[in-house]
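Structural features, examined
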Amino acid sequence: MTVAPDPSGPRARRSIRSRALPGLALLALLLSGCTFHMENYTGATKQGHLIYRLFQGFDIVALAIGVFVWALIFWCILAYRRRHREHWPPQTHHNLPWEVAYTTIPVLIVGVLFGYTYVAENSVNKVVANPDNVMTITAFQWGWKFDYNLPDGGKAEVISDPNHYGTFELPDNQVTRVNLVTADVVHEFDVPEFDFERYAQSGVVNTFDLTPTKTGTFIGRCAQFCGLHHDLMIFYVKVVQPAQFQTWVQQLERPTT
Amino acid sequence: MTLLAERRPAAPHEEPHEEHRRGLLYWLTSTDHKVIGKNYLVTTTIFLLCGGLMAMFIRVQLFWPNSHFTTQETFNQLFTMHGTVMLLLFAGPFAFAGFANYIVPLQVGAPDMAFPRLNALSYWLFLSGGIIMLSSFLVAGGAASFGWTAYAPLSDSLNSPGAGADLWVVSLFLTGFSAIFSGINLVATTFALRAPGMTMFRLPIFTWNMLVTAILILIAFPVLTSALVMLYFDRHFHTHIFEVAGGGAPILWQHLFWFFGHPEVYILALPYFGIVSDIIPVFSRRPLFGYRGMVFATLTIAGLSTGVWAHHMFTTGVVLLPFFSAMTMLIAVPTGIKFFSWIGTMWRGAIQFKSPMVWAVGFLVVFLAGGLSGVILASPPLDFYTNNTYFIVAHFHEVLIGTTIFGGFAGLYFWYPKMTGRMHREWLANAHFGLAFIGFWLQTTPQYVAGLHGMPRRIAIYQPSDGWTSLNRLSSIGAWCIGASFLFFLWNMWISWRKPVPAGSNPWDAGSLEWATSSPPPHHNFHSIPPIRSERPVWDANHPDLAELEEPRIPAEVGSGPSGNGHGS
Amino acid sequence: MAPDDGTPEDAGPSPGEGPLRGAGRHHSVAADEPTASHPVEGLKSEPHHRVSGHYHSQRKVWKGYRVEAWVYLGVAAFFVVVCAAYWFTSKERAGSVMLILTAFLGFLPGAYLYWWGGHMHPRPEDSEAAELEEGAGTVGAFPSSSIWPFVMGTGAAFTCLALVFGAWWGVLGGALVVGCLVGYTLESRRGGYV
C-alpha cells in the first residue's frame, strides 16, 4: 500500500474552513458578549475597585485562552474527521519542541497572572496606620452587630437581625477600619457592591480597611452557610458624606454596658 | 494482609462453573474484580440518580423567588446530602472503585486485583456507608444539614444535634475506609501484577491515572477519617478540638477538611482525565500524543493538588495567600499539558464520532470552561469577590459535571460493550449527550452571572428585588435538562438488556489490553495475551504495518472527492 | 503491597507446579504453545518484531520496582520541598505537620520498594523485551468467592451504628466482626472457598 499525499486537498480544506470560520466567529462573539454583559460590580470601595480591575484582566486572559483552545478543539472536530475506512493517520507519538512550547508558555502566563495577583492582594489587604474611623462587626446566628468606636471614647451600635434588617453607615472617601468577629459559628461578611468578603470566625479577629468611593445604600449578606436562617442574615450599608456620617453616628443608641 | 494466605495453593475444591454462578449468594460472595467493579458502577449510578433527584428538588425551590416548595430545614438537608452523595458516594467511587476495579486488572494483564477479598470488603463497606448516608433522612430531625464541608463549630453537638449528623460522620467513616482499601488494592495491582513486557511506561494512561489517584487517596482519606473521629469526639466525648472555648481551634477543621478536600477534587478528576486519554486516541486512530508528558502532568497535578488546600480558605484571613495562590495557579500548567496532548492526539487524526468520542470531546469543551474559571478563583483578591457565591457553585459544577458526567459517561459508553458483551444504542447515547450538554450550559452560565451579582450559595429563599429570578429559572431549566437526559441513559440500558446486540471483543478497534479478551472477559480474564511492545499491544497486533506510519494513508479516490467526509461504518 | 506477592519470578516457572486451576494466571501463553495462535477474535498473528518502530527500538530493562519506587520517592521529595517552603513562609502548624507526614508516606514505601528492587531478580514486567512465556506459572491465588468480606462489612456497619444508636448495635456488630476474623483466617488456612 503506497503512502498517498494529504487527501484533503486545497478544495476540501477550503470548504471545511468556510464552514468553521463563521462558527468560530459566532462562538467568540457569544462568549465575549457573555462576559462584557455580566455587569459585575465595579467595586464601590478603593479596595473593591482594585479587585474589579484585576477581575477584568483575568477575565480577558481566561477568555482569550478559552477561545483559542476551543477553536483548536473545534478545528480538530471539523477538519480531521475520518474520511474512509482505510484512512490511517500518521502515528506520531510525540514532538518535543511542541511539548516544550505548551509547557513553558502556560508557565509564563501563570507567572504574569501571579505577579498581578500578588500586587493586588497586598493593596487590598493593606491596613493603614491611622484609620479615620474604627468599628467592630460581630456576626451571630442570624444577624449582625455593628459597633463604632467613637472619638470621645464611647461606643455606638446598630443591630441587624431577621426581624429588622439594620443599616450601618460608612463615611465616603474615609478609611474605616473593620474588626470582624463572630459570636458563634463561622459567618462571612459579604457586600457584593464592595466586591469583598471576609470570614468571621471564633478565635480569629479579621482586620481590614474599607474606603468607600461611591455614596448610596448597598445590600450585604452572610455568604458562609451558618445554619437554619443563613439566608436572612441581610444588612444594609449606607455610604454618606463624612459630615452626615458624624451626625448619624452621634445620635445612635449607646449600649449601657 | 491476605498475602500470605493467598500464596498457599488453592484447595482442591471444585470451583463451580461460571455459568452456574448466579443469584444472591454469588453476588454476596464474589471476589471477582469484574463483579465488584460492576457492583460499584451500578451502586454509584443509583447514588448519582439519588443525588440528582435532590438537585432537581433544590432547583424547584430556587425556581421562584420567595418560594416555599420545601422548608428551609429540608433545603439545608437537601444540599448537604446532594453534595455528600455526589462527591463521596458517586463521583469518586464511580471511577476509582467502579471503572478502576473493572478495567485496571484487564489493562495490566492481571487475572484479578491483588487482594480480591479486601476488594470485596471495600465494596461492602461502601454500600453500607451509602445506605446509612441515605437512610439518615429517615431519623428524627432528618439528615445532616451543615453543608458537605461540615465547618466546625456548625457541625458540633450544640449547633447540629441529632442522629442525622452522627450518621453522616459514621457513614463517611465507612466509605473513607472503603476508599483507602480500594487505593491499596489499586497500587498493589499496578505494581505487582503486570503482564510480562508491560513496563510502567507502557501502562495505558487510564491505569497511570488510577495509580496516581490511588496514591492521592492514600494521602487524603486518612486525614478525613481522622478529622471525622475528632469531630465525633467533639460531639460526644466533650473534647474541644474544634472549640475555642476549650482551647481548640475551629480553623483546624478547615485545614484538615481541605487537606482532604482538595486532593479529593483531583481524586474525582484524574480518573476521568485517564478515561478521556484512553478514548481520544482510539477514535482518532492515533497513539496518545506526548505519553510521557501526560504521565508527568498527572504526577504534577497530584503533587500540587496536595499543596493547595488553603485556597478554599483565602477569605479566612489566616492563611498565607501567595503560597497557595501560586501553587494553585501552577496546576493550570500540567492541566494545560493534558489539554494540548488531547488536542495533539486529535490533530491530523482520523476522528470518528462514536458515542464515547462525542462524550469525550464534550468533556474537553466543558472542562475547559471550569478550568479557566478555576484560574480566576486561584487569585485571592478575586476569591474575596466571589467566594461562597454562585460563581463558585458554577465553577465547581462545571469542573465536576465536566469530569464525572461527561468524562464518566464517555467511559461508560466506551467500556459498556466490554463489560456486558452488548452494544448500547448509539443514537440514545448521543441524545443523552445532546440534552446533557445543552442543559449543562443553561445551568452553569447563569450561575456565574448570579454569583457576580452577589447571590450567595446555600440559600433557600431570595427576593424578587434581588434580581436573580430569571437567572435562577434558566439554571433550573438547565438542571432539569441534565436530569431528563438520564432517561435516555436508562432507556438505553433497558433496550440493550432486552434486545442484545453482540459487541465482539473489540468493537472500537482499540489498542489496550482489555480489548484482547472476550466481552465480557472470562473468569480470570485472559486466555491469551498479545505480545506487549507498546502501550497499545492490541493495536500493534491488529495493525502491524502501521507502527512506523509517518504520513496519513488514505486510498486515493477518497482524497479526490469533493468534501471527503465519508464516515465509514 | 509486599513485593513478594504475585511476582512471577519467585512464584517461579517451577516445572512441577503448573498453573493452578481457578487460581493461577492463565493468561500467559505456555512456553510450548506458538505465539501465533491467538484464539482471540480479531487478533492477527503477526510476529511482534514487525512492530519495532523507532519508538520501540530501545529495549530497556528497568531494575525491579525502580519506576514504582521513584513514584513514591518523588512524592516524598516533593513534599519535603513544599513543607519546607510552607513552614518557613507561614509558620502554620497544621498544614506543615500534614505535609511532612505526607512526605513520610511517600518515603516509606518508596524506600522499601527501592531497596527491595535492588535485591530481587528482574521481573519480566520490568523488561521491554520480555516474552509472555517468561511470566508463565502461578502468580498467586485469587479466591473467587468468600462470604467473609460481606460479613465483615455488615459487622463494621453495625459497629458504626453503635456510635449513633447505642451499644446494643455494637454487640451485634462486634460479634459479626470477631466471627468474621475467625472465619476469614480459617478460610485462608484451609485455602478453600466457602
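Our subject is the structure that appears above.
Below is a short write-up of the structure.

Thresholds applied
- Residues numbered from 1 in each chain as written.
- Chains lettered and ligands numbered in written order.
- Predicted model: local features only at pLDDT ≥ 70, side-chain atom pairs only at ≥ 80, totals over all residues.
- Helix = DSSP H or I, 4+ residues; strand = E, 2+ residues; numbered from the N terminus.
- Rg over C-alpha atoms; globule rule 2.2 N^0.38 Å.
- Buried ≥ 20, exposed ≤ 12 C-beta atoms within 10 Å, placed from the backbone.
- Contact = placed C-beta atoms within 7 Å.
- Pairing = 2+ DSSP bridges.
- Axes fitted to C-alpha atoms, helices over the stretch in contact; angles between N-to-C directions.
- Expected span 1.5 Å × (residues − 1).
- Nonpolar A, V, L, I, M, F, W, Y, C, P; charged D, E, K, R; others polar.
- Core = buried A, V, L, I, M, F, W, Y, C linked by C-beta atoms within 7 Å.
- Parallel < 35°, antiparallel > 145°, perpendicular 65-115°, else oblique.
- Left-handed = near helix turned anticlockwise from the far one by under 90°.

Notes on the overall build of chain B
Of the regular secondary structure elements, chain B holds 17 helices and zero strands. Relative to the globule expectation of 25 Å for 569 residues, the C-alpha radius of gyration of chain B, 24 Å, shows essentially globular dimensions. Expressed along its principal axes, the backbone C-alpha trace of chain B runs to roughly 70 × 65 × 50 Å. In chain B, which comprises 569 residues, the share counted as buried stands at 69%. For chain B, the proportion of contacts with a sequence separation of at least 24, taken over those separated by at least 6, is 83%.

Observations concerning the overall build of chain A
Summing up its helical and strand segments, chain A has four helices and 10 strands in all. Relative to its 257 residues, chain A shows a buried fraction of 35%. Of the contacts made within chain A by residues no fewer than 6 positions apart, 71% connect residues no fewer than 24 positions apart.

A word on the sheet that holds strand 10 (residues 235-240) of chain A
Residue and element names in this part refer to chain A. With respect to topology, five strands assemble into an open sheet ordered 4-10-9-6-7, the strand pairing being mixed. Each having just a single partner strand, strand 4 (167-171) and strand 7 (196-200) make up the two edges of the open sheet. Ignoring strand direction, the axes of neighbouring strands in this sheet form an average angle of 25°.

Section: helix 3 (residues 96-125) of chain A
Compared with the 44 Å implied by 1.5 Å per residue over 30 residues, the 43 Å span of helix 3 of chain A between its first and last C-alpha is a close match. Looking at helix 3 of chain A, one finds that the buried residues are E99, P106, V110, L113, T117, A120, E121 and V124 of chain A. In this structure, the buried side of helix 3 of chain A is in contact with helix 2 (46-79) of chain A together with helix 9 (291-305), helix 10 (321-346) and helix 12 (380-386) of chain B.

Section: the interface of chain B and chain A
Taken residue by residue, the interface counts 90 residues in chain B and 81 residues in chain A. Broken down by element, the residue count for the side of chain B that touches chain A peaks at 15 residues, all from helix 10 of chain B. When its residues are assigned to classes, the side of chain B that touches chain A shows 53 nonpolar, 29 polar and eight charged.

Description of the nonpolar core
Looking at soluble globular proteins, one finds that nonpolar side chains tend to be buried together. Counting 293 residues, the largest nonpolar core has I51 of chain A together with I215, I217, V276, I279, A360 and A410 of chain B as its most contacted members. The element best represented in this core is helix 4 (residues 72-108) of chain B, accounting for 22 residues.

A short note on the environment of F414 of chain B
Residue and element names in this part refer to chain B. Tracing the backbone shows F414 in helix 13 (residues 390-420). Sequence-wise, F414 and V276 are 138 residues apart; in three dimensions their C-alpha atoms are separated by 9.9 Å. If we skip the residues at most four places from it in the chain, F414 touches I279 and P356.

With respect to the sheet that holds strand 5 (residues 176-182) of chain A
Residue and element names in this part refer to chain A. Spatial ordering of the open sheet is given by 3-2-1-5-8, a layout of five strands whose pairing is mixed. Two strands lie at the open edges of the sheet, namely strand 3 (155-160) and strand 8 (206-210), each paired on one side alone. This sheet shows a mean twist of 20° between the axes of neighbouring strands, independent of strand direction.

So, the packing of helix 8 (residues 250-284) of chain B against helix 9 of chain B
All names here are of chain B. The geometry of helix 8 relative to helix 9 is characterised by a closest axis approach of 9 Å and an angle of 165° between their N-to-C directions. Put simply, helix 8 runs roughly antiparallel to helix 9. Of the two possible hands of crossing, helix 8 and helix 9 adopt the one that is right-handed. Across the interface between the two elements, H262, P263, V265, Y266, L270 and S277 from helix 8 touch M294, T298, I301, A302 and S305 from helix 9. A per-class count over the contact of helix 8 with helix 9 returns seven nonpolar, four polar and no charged.

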